[in-house]
Amino acid sequence: MAKDGSGSDPAAARRTPAGAAVLREDKTEAIRAAVFEELAAVGFARMSIEGIARRAGVGKTAVYRRWRSKLHLVLDVVSAVAAAGLPAPDTGSLRGDVRMLLEVASRALRHPMASQIIPDLLAEAARSPELAQALRTALHDSQEGVAAAVVARAVERGELPEDVDTRLALDLLTGPLYWRLLVVRDALPKGYLDALAASVTAALGAE
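Owing to the predicted nature of the structure, the values given are computational and were not obtained by experimental measurement.

Quick notes on the rules
- Residues numbered from 1 in each chain as written.
- Predicted model: local features only at pLDDT ≥ 70, side-chain atom pairs only at ≥ 80, totals over all residues.
- Heavy atoms only, no water.
- Helix = DSSP H or I, 4+ residues; strand = E, 2+ residues; numbered from the N terminus.
- Buried < 20%, exposed > 50% of the residue type's maximum accessible area, 1.4 Å probe, protein only.
- Contact = heavy atoms within 4.5 Å.
- Areas by Shrake-Rupley, 256 points an atom, 1.4 Å probe, with all protein chains shown as cover.
- Patch = residues over 30% accessible without salt bridge, like charges linked within 9 Å, V, L, I, M, F, W, Y side chains within 5 Å.
- Salt bridge = Lys/Arg side-chain N within 4 Å of Asp/Glu carboxyl O.
- Expected span 1.5 Å × (residues − 1).
- Arc of directions from axis to C-beta.
- pLDDT = per-residue confidence, 0-100.
- Axes fitted to C-alpha atoms, helices over the stretch in contact; angles between N-to-C directions.
- Parallel < 35°, antiparallel > 145°, perpendicular 65-115°, else oblique.
- Nonpolar A, V, L, I, M, F, W, Y, C, P; charged D, E, K, R; others polar.

Enquirer: Before we move on, can you summarise the overall build of the protein chain with the specific residues and values?
Expert: For the protein chain, the count of helices and strands is 10 helices and 0 strands. With 207 residues in all, the protein chain has 34% of them scored as buried. Sequence separation of 24 or more characterises 64% of the internal contacts of the protein chain that already satisfy a separation of 6 or more. Of the roughly 11700 Å² that the protein chain leaves accessible, carbon and sulfur atoms contribute 55%.

This is the structure in structure tokens:
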């Protein structure tokens, strides 16, 4: 067997140390996808590591190597969603930006998984401060950054006053859709998003 000048075996040096776990990325992604499917199917309270592993096609050990509990697994997945975020639209007008944000948000909230998972996790968050904080990041803080960017550009264009409340803008953007799609669970009538975009821009004091 060939050795280098030091007398050691280069191939041996590259071998994974005995006992070290090699975490395959394809298995990690399969587990993350299974979390969404399991949450939509049974909810957080009934979700189990066994069920996630079965749905992902892996053993329980593969899950526990990555996360020590289902709470930490869900926290990781929720945080990943938050990190991905949404790009702030830049259509050239506040009305156009608001309309695009409403379109993206309505499509996301109408997704079958989202319509099951979000209300369930919000209910569970009342019993778990860790989950509540993760959801705040995923569902509020990340979106507040998008709203802030939209508002800032509108101020630069002279469409909004400089003292406009960014948090109010976010409430106006997301509140009506959340109420209609996830609480009342009613379909959006034709022209609803256009009318809502007009109402939001007017409420913010657009000129």
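Enquirer: Would you mind going over a nonpolar patch on the surface in detail, with residue names and values included?
Expert: Judged by side-chain polarity, L86, M100 and V104 come together as a nonpolar surface patch covering roughly 230 Å² of accessible area. Residue placement: V104 occurs in helix α6 (residues 94–110). With relative accessibility at 37%, the residue V104 sits in the partly exposed group.

Enquirer: Requested: an account of helix α10 (residues 192–203), with residues and values cited.
Expert: The terminal C-alpha atoms of α10 lie 16 Å apart, and with 12 residues this matches the ideal 16 Å at 1.5 Å per residue to within 8%. Listing the buried residues of α10 in full gives Y192, L193, L196, A197, V200 and T201. Across the axial projection of α10, the buried residues extend over an arc of 155 degrees, all falling on one side. Against α6 and α9 (166–183) lie the buried residues of α10. At the exit of α10 stands G205, carrying a positive phi of roughly 90 degrees.

Enquirer: Give a detailed account of the confidence of the model for the protein chain, specifying residues and quantitative values.
Expert: Put simply, the protein chain has an average pLDDT of 84, and 86% of its residues get 70 or more. Of all secondary-structure elements in the protein chain, the lowest mean pLDDT belongs to helix α1 (residues 10–14), at 47, while α10 reaches the highest, 95. Scored below 50 in pLDDT, residues 10–20 makes 5 contacts in the model with residues more than four places away or belonging to other chains.

Enquirer: Tell me what's going on with unusual backbone geometry, and back it up with residues and numbers.
Expert: Of note in this structure, R185 is not a glycine but carries a positive phi near 55 degrees. Looking at the element boundaries, R185 is found in the loop between α9 and α10. Residue class for R185 comes out partly exposed when judged on its relative accessible area of 45%.

Enquirer: Help me get a handle on α6, residues and values and all.
Expert: Side chains three or four residues apart in an α-helix point the same way, a direct result of the helix having 3.6 residues per turn. The end-to-end C-alpha distance of α6 is 24 Å, a good match for the 24 Å that 17 residues give at a rise of 1.5 Å each. Three or more residues of α6 are buried, namely L94, D97, V98, L101, L102, S106 and L109. Considered in projection along α6, the buried side chains sweep an arc of 160 degrees and stay on one side of the axis.

Enquirer: Which residues make up the side chain of D97, and what are the values?
Expert: By the element assignment, D97 lies in helix α6. Discounting chain neighbours no more than four positions away, the residues touching D97 are P89, D90, T91, G92, V150 and R157.

Enquirer: Got a sec to walk through the environment of E162? Specific residues and values, please.
Expert: Its location among the elements puts E162 in the loop between α8 (129–156) and α9. The spacing of E162 and V151 is 11 residues in sequence and 9.1 Å in space, taken between C-alpha atoms.

Enquirer: Hey, could you go over the packing of α6 against helix α7 (residues 112–125) for me, with residue numbers and the actual values?
Expert: Two elements in contact, α6 and α7, have axes separated by 5 Å at closest approach and are oriented at 80 degrees. By the angle class used here, α6 and α7 are roughly perpendicular. Side by side, α6 and α7 meet where A108, L109 and R110 of the first sit next to P112, A114, S115 and I118 of the second. Looking at the contact of α6 with α7, its residues break down into 5 nonpolar, 1 polar and 1 charged.

Enquirer: Run through the pattern of salt bridges, naming residues and quoting values.
Expert: One pass over the full model with this rule turns up 15 salt bridges. Taking the shortest distance from any N to any O, the salt bridge between E144 and R167 comes out at 3.0 Å. Placement of E144 in helix α8 and of R167 in helix α9 is noted, with a sequence separation of 23 residues between them. By relative accessible area, which is 45% here, R167 ends up partly exposed. Across the pair R180 and D186 runs a salt bridge, and its minimum N-O distance is 3.5 Å. The exposure class assigned to D186 is partly exposed, which follows from its relative accessible area of 36%. Residues participating in the shared-partner salt-bridge network are R99, E103, R107 and D194.

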